[in-house]
Amino acid sequence: LGLKNPVTGVVNYTQTDVAEIARALTGYVYNYSNDTVSFDPTQFDNLPKTFFGVKHTNAGTWQVITSVSNHPSFRYFVPARLHRELTGLVPSTAALKTLGALWGNTGNVAAVVEAIVKSPTFLSPAAIGSKVKTPVELMISGAKVMQFKLGPTDFGWQLSTFMNQHPFYPPNVSGWPSGKIWLNSGVTMAWGSIVQEFVSKSLGVPNGTVDQLFSKAGRSGAPGTAVHLCGLSEVSTATMKALTTYANAKPWSPEQAAGLLALVLVSPEFAVN
């Protein structure tokens, strides 16, 4: 629900609501021997409970789900998070109301995501480059560009030790932080070594990303082609100058193509969405 209704500013719940709902969710027991969850009525708090201003005689899980999904803020909180995740921008009140109507009280994720990616905001100048990639997002997007299969290779220690993003272990229930916190030396150095592995594995692969760049672009057009192969629409003048200088430093070869792709993957522009 979020702390406040983003449209009206009304506070959504109190600490009493949290405690009363926690009582309504009692009774579930986890079996560590077989990883199953079961409901034990003897462990359930069956006394009256009051949350969101309504008194319930014997509220349980379904009463909680119904109450939350019928709350006025239910249709706004997750759509707003999805909008920020996909565009890097806070949705306008009008956009949020539109997304909220699609979300409804059943939580239609597909409809909300489709509306966001089809909206003018998704590819607007304000959205491009507005969101810093997390280490996991860097890894996935880089692997996709280089056609690198992540399954057989374990990059977990780089992610957890040097990039400080251990998969499936966020610091709190809100998830991983976002923004410029990921623009640091630990992430940059670890990402550089991972990029080297991505690119080196592509060398010599027929129709791999390196082969595509080498065979389809001459040295003069290689920087622009490398940028587009890496999924970027454009880069800064400084980045393009560096790519051009590198491409012209030696005769055009698969190794030069590989190095050029590596430079794009470690560029500031690739670090953001």
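Up top is the structure.
The following paragraphs examine the structure supplied in this document. (Residues numbered from 1 in each chain as written. Predicted model: local features only at pLDDT ≥ 70, side-chain atom pairs only at ≥ 80, totals over all residues. Heavy atoms only, no water.)

**Here's the deal with the pairing of strand S2 (residues 36-39)**
Both strand S1 (residues 28-31) and S2 contribute to a ladder of four bridges, which runs antiparallel. Opposite Val29, over in S2, you have Ser38 as the bridge partner. In this structure, the hairpin formed by S1 and S2 is closed by a connection of four residues, where Asp35 is found at a positive phi of approximately 55°. (Pairing = 2+ DSSP bridges. Helix = DSSP H or I, 4+ residues; strand = E, 2+ residues; numbered from the N terminus.)

**Focus: the pattern of salt bridges**
On inspection of all chains with the given rule, the structure shows six salt bridges. The shortest N-O distance in the salt bridge between Asp45 and Arg23 comes to 2.7 Å. With a gap of 22 residues between them, Asp45 in the loop between S2 and strand S3 (49-51) and Arg23 in helix H1 (residues 15-24) connect regions that are remote in the sequence. Among the residues examined, Asp45 registers a relative accessible area of 22% and is labelled partly exposed. A cluster of three or more residues bridged by salt bridges with shared partners is formed by Glu20, Arg23 and Asp45. (Salt bridge = Lys/Arg side-chain N within 4 Å of Asp/Glu carboxyl O. Buried < 20%, exposed > 50% of the residue type's maximum accessible area, 1.4 Å probe, protein only.)

**Here we look at the packing of helix H8 (residues 185-202) against helix H12 (residues 254-265)**
Running from N to C, H8 and H12 cross one another at 145°; their axes reach a closest spacing of 10 Å. Classified by chirality, the crossing of H12 by H8 is right-handed. Facing H8, whose interface residues are Trp191, Val195 and Val199, H12 presents Ala258, Ala262 and Leu265. Each residue belonging to the contact of H8 with H12 can be placed in one class, and the counts come to six nonpolar, no polar and no charged. (Axes fitted to C-alpha atoms, helices over the stretch in contact; angles between N-to-C directions. Left-handed = near helix turned anticlockwise from the far one by under 90°. Contact = heavy atoms within 4.5 Å. Nonpolar A, V, L, I, M, F, W, Y, C, P; charged D, E, K, R; others polar.)

**Focus on the packing of aromatic side chains**
Scanning the entire structure with this criterion turns up 13 aromatic pairs. For the pair Phe39 and Phe44, a centre-to-centre distance of 5.8 Å together with 55° between the ring planes defines the contact as tilted. Aromatic pair Trp191 and Phe270: ring centres 6.4 Å apart, planes at 0°, arrangement stacked. With Trp191 in helix H8 and Phe270 in the segment after H12, this residue pair connects regions lying 79 residues apart in the sequence. In terms of burial, Trp191 and Phe270 fall into one category: buried. Put simply, the rings of Phe148, Phe155, Trp191, Phe198 and Phe270 pair up and form one aromatic cluster. Sitting above the plane of the Phe270 ring, Lys133 keeps its charged end 4.2 Å from the centroid. (Phe/Tyr/Trp six-rings, centres within 6.5 Å; stacked < 30°, edge-to-face > 60°. Lys NZ or Arg CZ within 6 Å of the ring centre and 35° of its normal.)

**A word on the side chain of Ser202**
By secondary structure assignment, the location of Ser202 is in helix H8. We classify Ser202 as buried; its relative accessible area is 3%. Residue contacts for Ser202: discarding those within four places in its chain leaves Met146, Gly208, Thr209 and Val210.

**As for the environment of Phe51**
For Phe51, the location among the structural elements is in strand S3. In this structure Phe51 comes out as buried when scored by relative accessible area, which is 1%. Sequence separation between Phe51 and Gln15 is 36 residues; the distance between their C-alpha atoms is 9.9 Å.

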